[in-house]
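If you want the building blocks of each chain, they are given just below.
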There are 2 protein chains.
Amino acid sequence: MGVAIIGGTGEEGFGLAVRLGRAGVEVVIGSRVHEKGEAAAQKARDIAGADAPIRGTSNDAATAGSDVVLVTVPFAGQAEIYRSIRDHVRPDAVVCDATSPLATAVGRPAWQVVTPWEGSAAEQAKAILPSGVRMVSGFHTVSAEALHEFDQPLEGDVLLCGGDAGAKAAIGALVERMPNLRWVDAGPLSMARVLERLTALMISVNRAYGTREAGIRMVGRDAWNRPPEKA
Amino acid sequence: MGVAIIGGTGEEGFGLAVRLGRAGVEVVIGSRVHEKGEAAAQKARDIAGADAPIRGTSNDAATAGSDVVLVTVPFAGQAEIYRSIRDHVRPDAVVCDATSPLATAVGRPAWQVVTPWEGSAAEQAKAILPSGVRMVSGFHTVSAEALHEFDQPLEGDVLLCGGDAGAKAAIGALVERMPNLRWVDAGPLSMARVLERLTALMISVNRAYGTREAGIRMVGRDAWNRPPEKA
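One structure accompanies this document, and this report is about it.

Here is what the cut-offs are and how they apply
Per-chain numbering applies: the sequence of each chain, read as written, is numbered from 1 onward. Chain A is the first chain written and ligand 1 is the first ligand written, with later ones labelled in order. Side-chain atom pairs in this predicted model are given and counted only at pLDDT of 80 or more, local residue features only at pLDDT of at least 70, and totals for whole chains, interfaces and linings cover all residues. Values reported for side chains reflect all heavy atoms of the structure, with hydrogen atoms and water molecules removed beforehand. Lines fitted to C-alpha atoms define the axes here, with helix axes fitted over just the stretch in contact, and angles between the N-to-C directions of these axes take values from 0 to 180 degrees. Helix and strand labels come from DSSP, where a helix needs a run of H or I of at least four residues and a strand needs a run of E of at least two; each type is numbered from the N terminus. Angle categories are assigned with fixed cut-offs, so that under 35 degrees is roughly parallel, over 145 is roughly antiparallel, 65 to 115 is roughly perpendicular, and the rest are oblique. Helix crossings fall into two classes, left-handed where the near helix is turned counterclockwise from the far one by less than a right angle and right-handed where it is turned clockwise. Here, residues are in contact when the closest pair of their heavy atoms is within 4.5 Å. Residue type decides the class: Asp, Glu, Lys and Arg count as charged, Ala, Val, Leu, Ile, Met, Phe, Trp, Tyr, Cys and Pro as nonpolar, and the leftover types, Gly among them, as polar. One speaks of a salt bridge when a side-chain nitrogen belonging to Lys or Arg is within 4 Å of a carboxyl oxygen belonging to Asp or Glu. Buried, partly exposed and exposed residues are distinguished by accessible area as a fraction of the type maximum, computed with a 1.4 Å probe on protein chains only: under 20%, between the cut-offs, and over 50%, respectively. Here the copies are matched by least squares. The fit uses the C-alpha atoms of residues with pLDDT of at least 70 in both. Strands are treated as partners if at least two bridges between them are detected by DSSP. Buried surface area refers to the total accessible area, computed with a probe of radius 1.4 Å, that the two partners give up upon joining, counted for both partners together. Counting of polar contacts relies on pairs of N or O atoms within 3.5 Å, with two restrictions inside protein: one atom must be capable of donating a hydrogen and the other of accepting it, and residues adjacent in sequence are counted only when both atoms are side-chain atoms.

### So, the packing of helix α1 (residues 11–22) of chain A against helix α2 (residues 34–48) of chain A
Residue and element names in this part refer to chain A. Between α1 and α2, whose axes approach to 9 Å, the crossing angle comes to 50 degrees. Overall, the two elements α1 and α2 adopt an arrangement that is oblique. The two elements α1 and α2 meet at a crossing, and its hand is right-handed. Seen from α1, the contacting residues are Phe14, Val18 and Arg22; seen from α2, they are Ala40, Lys43, Ala44, Ile47 and Ala48. Counted by class, the contact of α1 with α2 contains six nonpolar, no polar and two charged residues.

Below is the structure:
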């Protein structure tokens, strides 16, 4: 299964592109400008290995060519990006939004958030995209700094939420192509109202401890290796 | 250091009373009715051991007699409880609020939340209490069910936030009296706007997996055994 990464030239998206490509996932890095997408893909292959299946192109072309689209862009530009790809998304695509509505979008600190009208950035994205698109939200606690330590495996869990169980499982399968990572079903898409704020929490913890790589792992019963029972 | 537990007859508060008392912390269980507080303390000693320093009394007396007050009550009754103890809180007390504004308070599911006017239940509590009180917020990801498995150590971290570094450290020291638990400084009190929602997230994850004991642990760098650098 291939994946388009919209915002793949940014820190989070680029880090995921390298790690997924290195794991053998076909990755297409999207950028506003085709040439920038190509250049980022070259840079990603330089890290992941020359035969890593990472290509680069425009956001529009990347979106049109993929069944799975991962969007990793800052909140300030998120709505504009979704409007720009709306007419290119395949009708039954799985779109995973990784945006956090950090208050940096309005000139306030990154450990604060704003509240989008729809409740979360992911629900805002869903409101912009065609109704058939299967929306997932996730990756909010995956530190960009940790992603870029390419010689280290990642730590922690990737919490995903969304209304379509198959779409969550598809993104979860991508997550688990990356060594050491596990995905967790956090419930319906509205749970993005909680998950997105975790980025601000990670930043606040990093600030308290002078670290850069805070993340979270779920603990609980031995039941954790079971698949989700409900969507 | 002793601690009053307001709402200590409820599941979360009673579980903490047993575990803290068993660790040798002087605990005073508060209840609206003195006799109910006493009965809960007897029940707690039956579990923790007859010589565990656990007493019970009214909320008012428990509050007046303690430098540290832990409040574990449902959101629907939280404001009323704080109004009732306001005149009894010591001027420089440390008050740790563990409330989550779950939507159950208004007849909606426990994996949804409402937003208190002040932004969080802890900030609502602070607005009710005298201004000198040092407010901390925490314990939102400590499962009541896990607490009540008294023969098992707890798993995960206890995230605390608040504006007073000493107050956070005091609650953190209580946390670490319980075997296997670690506390994490999550930043200023306003971070309760994120922490409190984690209870809804834990409930949503439990719902997805048919579990009852989801919790979280922070991951990150080796730096995790350092004390916080900032308040």
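Still to come is the rest of the account.
### Here we look at the pattern of salt bridges
Residues and elements named next belong to chain A. All chains considered together, the criterion is met by 16 salt bridges over all chains. Residue Arg212 pairs with Glu145 through a salt bridge whose shortest N-O separation is 3.1 Å. Here the residue Arg212 occupies a position in the loop between α8 (192–209) and β9 (215–219), and Glu145 occupies one in helix α6 (residues 144–147), the gap between them amounting to 67 residues. Under the relative-accessibility criterion, Glu145 is labelled partly exposed at 26%. Here Asp157 ties to Arg182 by a salt bridge, and the two come within 2.8 Å at their closest N and O atoms. Highlighted residues: Asp157 in strand β7 (residues 157–162) and Arg182 in strand β8 (residues 182–185), separated in sequence by 25 residues. Relative accessible area serves as the criterion here: at 2%, Asp157 is assigned to the buried category. Bridged by salt links that share partners, the residues Asp157, Arg182 and Arg217 form one connected network.

### Some thoughts on the relation of the copies chain B and chain A
Between the two chain copies there is a screw-like relation: a rotation about an axis and a shift along it. Laying chain B over chain A is done by rotating through 180 degrees and shifting 0.0 Å along the axis; what remains is an RMSD of 0.0 Å. Taken together, the rotation and translation describe the operation of a two-fold axis. Looking at the rotation axis and the C-alpha trace of chain B, the residue lying nearest is Arg217(B), at 2.6 Å. With an isologous cut-off of 70% or more, the 100% of interface residues of chain B that recur at the interface of chain A puts this contact in the isologous class.

### Notes on the sheet that holds strand β4 (residues 68–71) of chain B
All names here are of chain B. Read across the open sheet, the eight strands follow the order β3-β2-β1-β4-β5-β6-β7-β8; overall the sheet is mixed. Either end of the sheet is taken by a strand with one partner, and the two such strands are β3 (54–58) and β8 (182–185). Between one strand axis and the next, the sheet turns by 25 degrees as a mean value, whatever way the strands run. Here strand β5 (residues 94–97) pairs with strand β6 (residues 134–138) via four bridges, running parallel. Counterpart to Val95 in the pairing with β6 is Met135. Across the face of the sheet, helix α5 (residues 121–128) comes into contact with β5 and β6 while running at roughly 160 degrees to β6.

### Let's talk about the interface of chain B and chain A
Interfaces are often sized by the amount of accessible area the parts lose when they come together. Facing 43 residues of chain B, the contacting portion of chain A comprises 43 residues. Summed over both sides, the interface between chain B and chain A buries roughly 3700 Å², with carbon and sulfur atoms accounting for 60% of that surface. Applying the counting rule to chain B against chain A returns zero salt bridges. Connecting chain B to chain A are nine residue pairs in polar contact (both at pLDDT 80 or more). Secondary structure elements with two or more residues in the side of chain B that touches chain A: β8, α8 (192–195), α9 (197–209) and β9 (215–219) of chain B. Ranked by residues supplied to the side of chain B that touches chain A, first place goes to α9(B) with ten residues. Grouping the amino acids of the side of chain B that touches chain A by side-chain chemistry returns 24 nonpolar, seven polar and twelve charged. Bridge count between β9(A) and β9(B): five bridges; the pairing is antiparallel. If you follow Gly215(A) over to β9(B), its bridge partner there is Val219(B).

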